[in-house]
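Each chain, letter by letter, is given below.
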Amino acid sequence: MLLYRDHAVVVRQHKLGEADRIVTLLTSHHGLVRAVAKGVRRTKSKFGARLEPFAYIDVQLHPGRNLDTVTQVHTVEAFAADIVDDYGRYTTACAVLETAERLAGEERAPAPRLHALTASALRAIAAKQRPHELILDSFLLRAMGFSGWAPALAECARCATPGAHRAFHVGAGGAVCVHCRPPGATVPAAGVIELLVALRRGEWDFVETTTDSVRKQASGLVAAHLQWHLERQLRTLPLVERSQAAQRPDRAAAGQAG
């Protein structure tokens, strides 16, 4: 079978035998690909360090029945050095990779927009120019949009009535009007729905004017909506939430304490 090349984000890896690793790649044209990297755990390996998670690579692969084989690797962008030295950025980047793998679907199903979005999110986290938890929420909202799971924000999730509806219900699919509001719907604080819209559109000038309390509520809604549709909890999201709380206390709570 012919070799093929692709750009890929290294999602994760695990050991195989004494010297090999299996790497999971999110590629531009072939979706999720699992491949064997032979001999990369040896000290003389030519490309072992290039296959670490968070790397963005140009990779050549030999197709196999169950697993492909990595034959060449070139680094396109190395994000790891600017991510792993900070707990908040590291856990956020892990959540990006875990979500991308879950939303990519079946192996080898092309997901070019998700691939590009994942690389952009890692690039933004490594750049350290915006709060990492906001980059994650923007990524999650856009990634869910690619999967057909985007929450309704500018219209009622049930009747499609346009407007800035106050209530939000994960099971209903997002914002709901007063007529469709089911039991258990939450009413976020003013500005939360607007923040979700801005994060999905990438309107960072508005995002950066929001308060910590509004950001925290928005993050909670995004995480709940994603995990409802995945029907499972992501392992990394609770770590990001604890990291966020530790790094940036909620202003409203701080005011009450004072």
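Just above sits the structure.
Position numbers for residues count from 1 along each chain, tracking the sequence in the order it is written. Owing to the predicted nature of the model, reporting of local features is limited to residues with pLDDT of at least 70; listing and counting of side-chain atom pairs is limited to 80 or more, with chain, interface and lining totals taken over all residues. For side-chain calculations, the full set of non-hydrogen atoms in the structure is used, while hydrogens and water are omitted.

S.K.: Would you explain the packing of helix α3 (residues 112-127) against helix α4 (residues 132-146) in this entry?
M.R.: The geometry of a pair of packed helices is captured by two quantities: the angle between their axes and the separation between those axes. Whenever a helix is involved, its axis is fitted only over the stretch in contact; in every case the axis is a line through C-alpha atoms, and angles between N-to-C directions fall within 0 to 180 degrees. For the purposes of this entry, the term helix denotes a DSSP run of H or I that reaches at least four residues, the term strand denotes a run of E that reaches at least two, and both are numbered from the N terminus. In contact at an axis separation of 10 Å, α3 and α4 are set at 180° when each is read in the N-to-C sense. One element, α3, and the other, α4, form an angle in the roughly antiparallel class. Here α3 contributes R113, L114, L117, T118, A121, A124 and I125 to the contact with α4, which in turn contributes I135, F139, R142, A143 and F146. In the scheme used here, Gly and all other residues not listed as nonpolar or charged are polar, with Ala, Val, Leu, Ile, Met, Phe, Trp, Tyr, Cys and Pro taken as nonpolar and Asp, Glu, Lys and Arg as charged. In the contact of α3 with α4, the residues fall into 9 nonpolar, 1 polar and 2 charged. For classification, angles of less than 35 degrees are called roughly parallel, those exceeding 145 degrees roughly antiparallel, those between 65 and 115 degrees roughly perpendicular, and all remaining angles oblique. Note on definitions: a residue-residue contact is assigned when non-hydrogen atoms from the two residues lie within 4.5 Å.

S.K.: Sorry if this is basic, but what is going on with the nonpolar core here?
M.R.: As a rule of thumb, nonpolar side chains are buried together in soluble globular proteins. One finds L122, F139 and L196 to be the most contacted residues of the largest nonpolar core, which totals 54 residues. Broken down by secondary-structure element, the contributors of at least two residues to this core are β1 (4-16), α2 (87-103), α3, α4, α5 (192-201), α6 (204-207), α7 (212-230) and α8 (237-247). No other element matches α4, which puts 8 residues into this core. Setting aside anything within four residues of it in sequence, one finds L122 in contact with V9, F54, F79, I83, A93, V96 and L97. In this structure, V23, F47, A55 and V70 belong to the second largest nonpolar core, which totals 17 residues. Definition used in this section: a nonpolar core is a set of buried Ala, Val, Leu, Ile, Met, Phe, Trp, Tyr and Cys residues joined via side-chain atoms within 4.5 Å. In this scheme, a residue with accessible area under 20% of its type's maximum is buried, one over 50% is exposed, and one in between is partly exposed, where area comes from a 1.4 Å probe on protein chains only.

S.K.: Can you walk me through the side chain of H115 in this structure?
M.R.: Take H115: it is sitting in helix α3. Apart from residues no more than four positions distant in its own chain, H115 is found in contact with H7, A8, V9, L26, T27, S28 and Y56.

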